[in-house]
Structure formats: C-alpha cells, structure tokens
Amino acid sequence: MFAARQASQSVFGAVQRRTFSATASNATKVAVLGAAGGIGQPLSLLLKLNPRVTELALYDIKGAPGVAADISHINTKSTVKGYEPSGAGIKECLTGAEIVLIPAGVPRKPGMTRDDLFNTNASIVRDLAKAAADACPEANILVIANPVNSTVPITAEVFKSKGVYNPKRLFGVTTLDVVRASRFISQLKSTDPATENITVVGGHSGATIVPLLSQAGYTLEGAERDEYIKRVQFGGDEVVQAKGGAGSATLSMAMAGARFAESLLKAAQGQSGVVEPTYGQSGVVEPTYVDSPLYKDQGVTYFASQVELGPNGVEKIHPVGDMSEFEQGLLDVCLKDLKSNIEKGEKWVKENMGN
Ligand SMILES: NC(=O)c1ccc[n+]([C@@H]2O[C@H](COP(=O)([O-])OP(=O)(O)OC[C@H]3O[C@@H](n4cnc5c(N)ncnc54)[C@H](O)[C@@H]3O)[C@@H](O)[C@H]2O)c1
Ligand SMILES: O=C(O)C[C@H](O)C(=O)O
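Residues numbered from 1 in each chain as written. Chains lettered and ligands numbered in written order. Predicted model: local features only at pLDDT ≥ 70, side-chain atom pairs only at ≥ 80, totals over all residues. Heavy atoms only, no water.

Looking at an unreviewed UniProt entry, one finds the protein named Malate dehydrogenase and attributed to Rachicladosporium monterosium. The record in UniProt for the protein states the following under Sequence similarities (unreviewed entry): "Belongs to the LDH/MDH superfamily. MDH type 1 family." (UniProt positions renumbered as here; feature names shortened; annotations may be inferred.)

Novice: Would you explain the site of ligand 2 in this entry?
Specialist: The environment of ligand 2 is made up of Arg108, Arg114, Asn146, Leu176, Arg180, His204, Gly236, Ser248 and Ala249. Residue Asn146 places a side-chain N or O atom 2.8 Å away from an oxygen atom belonging to ligand 2. For ligand 2, the accessible surface in isolation is 260 Å², of which the surrounding protein chains cover 95%. Because more than half of its atoms lie within 2 Å of the grid, ligand 2 is assigned to the largest pocket. (Near = heavy atom within 4 Å. Polar contact = N/O pair within 3.5 Å; in protein donor to acceptor, adjacent residues only side chain to side chain. Areas by Shrake-Rupley, 256 points an atom, 1.4 Å probe, with all protein chains shown as cover. 1 Å grid on protein atoms, 1.4 Å probe; cavity = no way out; pocket = protein on both sides within 12 Å on 5 of 7 lines; lining within 4 Å. Sits in = over half its atoms within 2 Å of the grid points.)

Novice: Please explain the site of ligand 1 as it appears in this structure.
Specialist: Gly38, Ile39, Asp60, Pro103 and Asn146 are the nearest of the 29 residues found near ligand 1. The separation between an oxygen atom of ligand 1 and a polar main-chain atom of Ile39 is 2.9 Å. Notes on ligand 1: free accessible area 860 Å², of which the protein chains cover 87%. Placement of ligand 1 is best described as lying within the largest pocket. Top element by residues in the shell around ligand 1 is helix 6 (residues 118–135). It accounts for 3 residues. Across the shell around ligand 1, the residue classes break down as 18 nonpolar, 9 polar and 2 charged. (Helix = DSSP H or I, 4+ residues; strand = E, 2+ residues; numbered from the N terminus. Nonpolar A, V, L, I, M, F, W, Y, C, P; charged D, E, K, R; others polar.)

Novice: In this structure, what is going on with the layout of surface pockets? I would like to understand it.
Specialist: Space inside the largest pocket adds up to approximately 750 Å³. What lines the largest pocket is a set of 40 residues, and nearest its centre among them are Pro103, Ala104, Gly105, Val106 and Pro107. Put simply, the parts of the chain that give the lining of the largest pocket at least two residues each are helix 6, helix 8 (175–189) and helix 10 (235–243). Counting residues per element, the lining of the largest pocket draws most heavily on helix 6, at 4 residues. By residue class, the composition of the lining of the largest pocket is 22 nonpolar, 12 polar and 6 charged. (Points joined across faces, edges and corners; volume = space filled by probe spheres on them.)

Novice: Explain the UniProt feature "domain: Lactate/malate dehydrogenase N-terminal" (unreviewed entry) in the protein to me, please; I cannot follow it from the model alone.
Specialist: The feature "domain: Lactate/malate dehydrogenase N-terminal" (unreviewed entry), as given by UniProt, occupies residues 28–172 in the numbering adopted here. Between the C-alpha atoms that bound residues 28–172 the distance is 20 Å, and the span itself is 38% helix and 18% strand.

Novice: Mind showing me how you'd approach helix 10 here?
Specialist: The periodicity of an α-helix, 3.6 residues per turn, causes residues three or four positions apart to be oriented the same way. Inspection of helix 10 places Gly235, Gly236 and Val240 among the buried residues, and these make up the whole buried set. Buried residues of helix 10, viewed axially, fall in a sector of 145°; they line one side. Turned more than 90 degrees away from the buried face of helix 10 sit Gln241 and Ala242, all of them exposed. Looking at the buried positions of helix 10, the neighbouring elements they touch are helix 8 and helix 9 (222–233). Just past helix 10, the residue Gly244 takes up positive phi, approximately 55°. (Buried < 20%, exposed > 50% of the residue type's maximum accessible area, 1.4 Å probe, protein only. Arc of directions from axis to C-beta. Contact = heavy atoms within 4.5 Å.)

Spelled out as structure tokens, the structure:
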C-alpha cells in the first residue's frame, strides 16, 4: 500500500517530498525531438522534474545544447545532454531511448488550420521517424507535431518501411484535449478541475475532437452545450488567436505531454488499473490516438479512445462506450474527417518516403 502510494506521487509532489527516487532497474532514457521550441523547452523542464526519468536527451536543429545546459542545473538526479545535427547528432540522442517525444515542427498562425501545417511538418516528422526507427525501433514514439491525425500514420508507414513497426508503441498525443475538456467543464459546473477527467475520443483537430460528457454524468443543453463543444474542439484556435501570430499552445501542451509520458512511465514500471488522481489525473488509462481496430471497418485505421497502457505500450484499446444521440452525431462527423486525414498522410508518405 505504502509502495503504491509512494509510486503514484505527482511530479511536483515527488520533488517537494524528496522521498521518491527511481531505482536503477527503472532507468529510463527519454528523448525530446524539437527540444528548443515553444513546447520542447517547458516539456523538457517538466521531464527533468520527473523522478521516473533518469536520462534526458534533447535534440533540435538549433539550440538544444543551451537548453540542456540550463535544465541540467536543476537539482534532480537525471542526466541531461543536448544534441544538434553538427554535434553527436540524433543517432546518439535516440540510442537507448524508451520514450521519444516529437514536438518538432511548425506551429499555426491565426487563420490556419492544423492541416495547413501538413506540407512543412510531414517531412520533418518523416525524417525524425526514420532516425527513431533506425536508432530505437522498440521505443514508445509520442507524436505531438501537427497535424497529429496525419503525422501518426506517416510515422507508422516509416516504421513499416523499415520492418520495425509495432502498433503498440506509437501514440498521437491527444492529452491536451482531455485537459481542456476537463478544465472547461469544471468552469461551467464550479467543480475541482483536478477531479474532472472527461474522455475525449476521435482525433486532434476541430470536428475530429469528440468529448463524451455523458460518460462523466453531465448533460448540457442548447447554447451552453454548443459553446462547450466548440471550445473543446477549437480550444487550440483560442490560443492561436490570443498569441497573435507568435505560435500556438506551448505551456499547456508541455503539461499535457509530460502527463502522457508520465502515464507511460507508470505503466512501464508496473502500475496497473486506474491510478489515484495525481499529476493532472495522470493514470495508466488515457485517451490517445493509436492504430485502432474500433472503426477499421469504416476505413478509419487510427482513432483515439481510452487506452490501457502497460510495459509493452498499448495493453488494451477500450471501445468508445455508451454515448448520447448528440455525441453519436459528433462521432459520425469525426470519422469522416479522420478518414481523409489518415489517407492524406499515408498517401503522401508512400509517395515521398525518400532514401
Ligand atoms: N498535439 C498537440 O496537442 C499539440 C499542441 C500544441 C502544439 N502542437 C504542435 O507541436 C508542434 C511544435 O509546436 P511549438 O509551439 O513547439 O513550435 P516551435 O516553432 O516553437 O518549436 C518547434 C521546434 O522544432 C524544431 N525543429 C524544426 N525542425 C526540426 C527537425 N527536423 N528536427 C528537430 N527539431 C526541429 C525547431 O527548431 C523548434 O525549436 C507544432 O506542429 C504544433 O502545431 C501539437
Ligand atoms: O491549435 C494548435 O494548432 C496547436 C494544438 O494542436 C492545440 O490544440 O493547441
């Protein structure tokens, strides 16, 4: 009981109490690709605060050694090293990594959709996926770069082309949608956001983001419902507008990425079931966008639903479960959009696999 309680301490709780430390058998190297960016820097900071991480490898086309030097002074035990193309390079960064987070890529400006990022980010993700498939084919790959609905299939096709694809190890990070859906309902209902955990299924853009409020026992009606759904589906646009051309969500995304990485680390280190609410509800059952059987018969080969994580990555993909008629309508729209986003990624990468 005590051990379980200790192991489920939050990132911040663990640091403050100074009682929890990762053991040698739990040595975990985590790599961040795009570590000098708006997401990469705070994400790397949060990973440095996580006692489950023992080695942090930070790569970017520019600036990663500086970020690493800065973060390395934080008084937690993990080692930190920065890599750039002209130095030790991405191969050394990735070798031995168990988790690879990919926030490398261009963010949106006002007026753009995530799909407008496709032309730039597809080749960035393809090339980083190639490097990971060569250097750490068994790592858990966590894709943050947008458009996630398409960059995840691109990553899968790269791994398939190298004969090392394991669908249990590839994740599109959709945690920010869960974080937003939970925060926004807590604002409407005056509840504690730390205890809200709204399941969000589908994908990660606009109408493909489907919050299932009914599963948390909530019913919203009329304008209140429509505004809530719009805010969850277009929460990213709210931040893009507010930043006025200086990028998209970085800080909330860093938290969401760190939370999902922590869930995987907990699962890899043997925790199972639903874990008591800690670091923003980080548990071992999380919605994430994976190679999924749920809607394959409709040509939708990747889908985010509740996924149980374990030492081998994906342990179990939960079905979407009961939903209201209204939510079913949202899901129908989602599936149509998702199918074309997936096909776009797969088609592009097959035509542009390169060497
Ligand atoms: N999944 C989500 O929920 C979510 C949330 C927010 C943002 N995003 C996406 O994350 C991506 C990054 O956003 P950001 O705000 O951090 O952008 P940013 O421009 O601040 O940072 C991107 C970083 O990637 C680096 N980079 C570019 N090409 C690279 C390459 N080939 N190898 C390594 N590093 C490379 C850049 O040098 C830069 O440091 C965007 O595509 C954005 O849309 C996703
Ligand atoms: O909105 C964006 O472009 C970034 C991200 O996907 C988000 O949801 O905030």
